[in-house]
Amino acid sequence: QDFNYARPIYINKKKNAMCRRDWFGMVDSKVRSLEEHRIYLEDEWFRPAEPPVVDVWMMGNLIYTILTDLYLFEKPTNLDVEETAIELVKGRRSPYPEHIKVSNDPSIIAMKEALDMCWTQNWKKRPTARAVSNYLIDRLREITGQEDPDV
């Protein structure tokens, strides 16, 4: 799976239908990988990363949106592309809504941990997509008590 340039599918919440797309470029550049933000900012610490770890970062962006129903740095203040890039390069992360932050639900805790894995700042230490997937499957087994949970 190539998460880096996968296209989001927008849903019209009033009509409960997919929004049509007439352009297929990178729509929301706020959701670039950390490495792409470093290039955007012309960061002196940028070092080319291996493509699979860039995709793992992007997988984290998708997990964040699924978990919170928000895009990166949409709330409490909607940051623009440059402000988002600066925050991420400094090692800061988009905050969780309060109900996610304080949740004791094991599935939410597992998703937050997977997100932390994906958003490892140093790409050389970032796990593979398979490692993140295995972590989530293992947590699902623990939560459901099933050896082969239906995913």
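For the structure, check the block above.
The structure reproduced in this document is the subject of the present report. Keep in mind the model is a prediction, meaning the values are calculated, not measured.

## Thoughts on the overall build of the protein
In terms of regular secondary structure, the protein is built from six helices and two strands. Scanning the protein from its N terminus toward the C terminus, one meets helices and strands in the order β-β-α-α-α-α-α-α. Scored against the burial criterion, the 151 residues of the protein give a buried share of 36%. Taking all contacts inside the protein whose residues are at least 6 apart in sequence as the whole, residues at least 24 apart take part in 60%. Surface accessibility of the protein: about 9,900 Å² in total, with carbon and sulfur atoms responsible for 53%.

## Considering the pattern of salt bridges
Applying the stated criterion to the full structure yields five salt bridges. Note that arginine 139 and glutamate 142 form a salt bridge whose closest N and O atoms lie 2.8 Å from each other. A residue pair is termed a helical-turn pair when its members lie 3 or 4 positions apart in one helix, as arginine 139 and glutamate 142 do in helix H6 (residues 129-144) at three residues. A relative accessible area of 57% means that glutamate 142 is categorised as exposed. Close ionic contact of arginine 141 with glutamate 147 constitutes a salt bridge, the shortest N to O distance being 3.8 Å. Several salt bridges share partner residues, and in doing so they unite Asp138, Arg141 and Glu147 into one network.

## Re the packing of aromatic side chains
The tally for this structure, following the rule as stated, stands at three aromatic pairs. Through a chain of ring-to-ring contacts, the aromatic side chains of Trp57, Tyr64, Tyr96 and Trp119 assemble into a single cluster. If you follow lysine 112 out to its NZ or CZ, it ends over the ring of tyrosine 96, 5.3 Å from the centre.

## Quick notes on the packing of helix H2 (residues 51-68) against helix H5 (residues 106-118)
Direction vectors running N to C along H2 and H5 enclose 150°, while the axes themselves pass 8 Å from each other. It follows from the interaxial angle that H2 and H5 lie roughly antiparallel. The hand of the H2/H5 crossing is left-handed. Contacts from Val56, Trp57, Met59, Gly60, Ile63, Tyr64, Ile66 and Leu67 in H2 reach Ile108, Met111, Lys112, Ala114, Leu115 and Cys118 in H5. By residue class, the composition of the contact of H2 with H5 is 12 nonpolar, one polar and one charged.

## Concerning the environment of leucine 140
Note that leucine 140 resides in helix H6. Separated by 10 residues in the primary sequence, leucine 140 and aspartate 150 place their C-alpha atoms 9.5 Å from one another. Beyond its immediate sequence surroundings of up to four residues, leucine 140 is in contact with Gly145, Pro149 and Val151.

## Let's talk about H6
Count 3.6 residues to each turn of an α-helix, and residues three or four apart come out pointing the same way. Here H6 contains 16 residues, and its C-alpha end-to-end distance of 22 Å stays within 8% of the 22 Å for a straight helix at 1.5 Å per residue. Backbone geometry just downstream of H6 places glycine 145 in the positive-phi region, at approximately 75°.

## What about the packing of H5 against H6?
For the pair H5 and H6, interaxial distance at closest approach is 10 Å and the crossing angle is 170°. Of the possible angle classes, the one that applies to H5 and H6 is roughly antiparallel. In the packing of H5 onto H6, the handedness of the crossing is right-handed. Between H5 and H6, the contacting residues are Pro106, Ser107, Ala110, Met111, Glu113, Ala114, Met117 and Cys118 on the first element and Ala131, Val132, Tyr135, Leu136, Arg139 and Ile143 on the second. The residue makeup of the contact of H5 with H6, split by class, is 11 nonpolar, one polar and two charged.

Conventions we followed
Residues numbered from 1 in each chain as written. Predicted model: local features only at pLDDT ≥ 70, side-chain atom pairs only at ≥ 80, totals over all residues. Heavy atoms only, no water. Helix = DSSP H or I, 4+ residues; strand = E, 2+ residues; numbered from the N terminus. Buried < 20%, exposed > 50% of the residue type's maximum accessible area, 1.4 Å probe, protein only. Contact = heavy atoms within 4.5 Å. Areas by Shrake-Rupley, 256 points an atom, 1.4 Å probe, with all protein chains shown as cover. Salt bridge = Lys/Arg side-chain N within 4 Å of Asp/Glu carboxyl O. Phe/Tyr/Trp six-rings, centres within 6.5 Å; stacked < 30°, edge-to-face > 60°. Lys NZ or Arg CZ within 6 Å of the ring centre and 35° of its normal. Axes fitted to C-alpha atoms, helices over the stretch in contact; angles between N-to-C directions. Parallel < 35°, antiparallel > 145°, perpendicular 65-115°, else oblique. Left-handed = near helix turned anticlockwise from the far one by under 90°. Nonpolar A, V, L, I, M, F, W, Y, C, P; charged D, E, K, R; others polar. Expected span 1.5 Å × (residues − 1).

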